[in-house]
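Summary of the model geometry
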Amino acid sequence: SRIAVSTNAAAMDLSGAAVDEIEIAFDQGTNALTFANGANVVVSVDQTDLTTTAAAVAGNVLNLQLDSGTATTGVALSDLSVSNNSVVNITMADDALATHTVALVGVGASTAVNISGNGGLSFGTISAAQVAASVDASGVTGDITANVVMAGSFKTGDGDDTINISDAVSTTRIIDAGEGSD
């Protein structure tokens, strides 16, 4: 079962939604959305500022699927901010032939981000730091253009990837460009 959120009138607590998937079908602007641990959230339209949270307990996982419903149209998360999750899994739609965008990322310094799926990925912006313990995009089959401005590790997949680094991070940064011509 699926419930669609097609308004952005105010912040919403969707942690009690007893459904298999929650679809975000309207740009949420700056309104915060609260999800339960393990929530499966389908983002079907571009988001200018997707802000999510969960109960403040260890081990929360948020599953985001980028799926516009059209094979040639990607979904853009211009500003992804996630609180109280240990892991954020982002899956690009299996039928997507377009490039998805995950720009500004603030998920927490101890949060792991896993990105997978078909199509291309544009990650990060050169002008703003990402906050995450790690980003593992090794499950992405298309080309990745990544602007990595973060400490921790960043890993890409099988495509012909481009990785741009523009800052001087004082802590350890590990880059693994995966397969392909990088």
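Here, every reference points to the structure presented above.
Let me begin by describing the structure that accompanies this report. Everything numeric in this text was worked out from a predicted model, so none of it was measured.

How each quantity is defined
Residues numbered from 1 in each chain as written. Predicted model: local features only at pLDDT ≥ 70, side-chain atom pairs only at ≥ 80, totals over all residues. Heavy atoms only, no water. Helix = DSSP H or I, 4+ residues; strand = E, 2+ residues; numbered from the N terminus. Rg over C-alpha atoms; globule rule 2.2 N^0.38 Å. Buried < 20%, exposed > 50% of the residue type's maximum accessible area, 1.4 Å probe, protein only. Contact = heavy atoms within 4.5 Å. Areas by Shrake-Rupley, 256 points an atom, 1.4 Å probe, with all protein chains shown as cover. Core = buried A, V, L, I, M, F, W, Y, C linked by side-chain atoms within 4.5 Å. Pairing = 2+ DSSP bridges. Phe/Tyr/Trp six-rings, centres within 6.5 Å; stacked < 30°, edge-to-face > 60°. Polar contact = N/O pair within 3.5 Å; in protein donor to acceptor, adjacent residues only side chain to side chain.

In this section: the overall build of the protein. For the protein, the helix and strand inventory stands at zero helices and 16 strands. A globule of 182 residues ought to have a C-alpha radius of gyration of about 16 Å, and the protein, at 16 Å, matches this closely. Across the 182 residues in the protein, those meeting the buried criterion constitute 39%. Summarising the internal contacts of the protein: among those between residues at least 6 apart in sequence, 34% fall at separations of at least 24. In the form shown here, the protein has an accessible surface area of approximately 7800 Å², with 50% of it arising from carbon and sulfur atoms.

Counting 37 residues, the largest nonpolar core has F35, I90, V102, I115, L121 and F123 as its most contacted members. With five residues, strand β10 (residues 99-117) is the single largest residue contributor to this core.

Across the two faces of strand β7 (residues 61-66) the burial differs, with L62, L64 and L66 buried and V61, N63 and Q65 not buried at all. When strand β5 (residues 39-43) meets β7, the two strands line up parallel, connected through five bridges. When the bridges of β7 are listed, V41 appears paired with L64. Pairing of β7 with strand β9 (residues 87-92) involves six bridges; the strand directions are parallel. Considered in β9, the bridge of V61 is made with V87.

Here we come to the packing of aromatic side chains. Scanning the model with the defined rule gives one aromatic pair in all. Note on F123 and F154: the rings are 5.2 Å apart at their centroids and 50° apart in plane angle, and the pair reads as tilted. Taken together, the residues span a long stretch of sequence, with F123 in strand β11 (residues 120-123) and F154 in strand β14 (residues 152-155) at a distance of 31 residues. For F123, a relative accessible area of 1% corresponds to the buried category.

A word on the side chain of Q130. Relative to the helices and strands, Q130 resides in the loop between β11 and β12 (131-140). Within the structure, the side chain of Q130 is placed 2.8 Å from the backbone oxygen of N147, a separation counted as a polar contact. Residues contacting Q130, with those up to four places away along its chain left out, are V105, F123, G124, T125, N147, V148, V149 and M150.

Right, let's talk about the side chain of T52 for a bit. Among the structural elements, T52 can be located in strand β6 (residues 50-53). Given the relative accessible area of 2%, T52 is considered buried.

Turning our eyes to something else, we now look at the environment of V107. Inspection of the secondary structure puts V107 in strand β10. Residues V107 and A132 lie 25 residues apart in sequence; the distance between their C-alpha atoms is 5.6 Å.

Keep in mind these values describe shape, not function.
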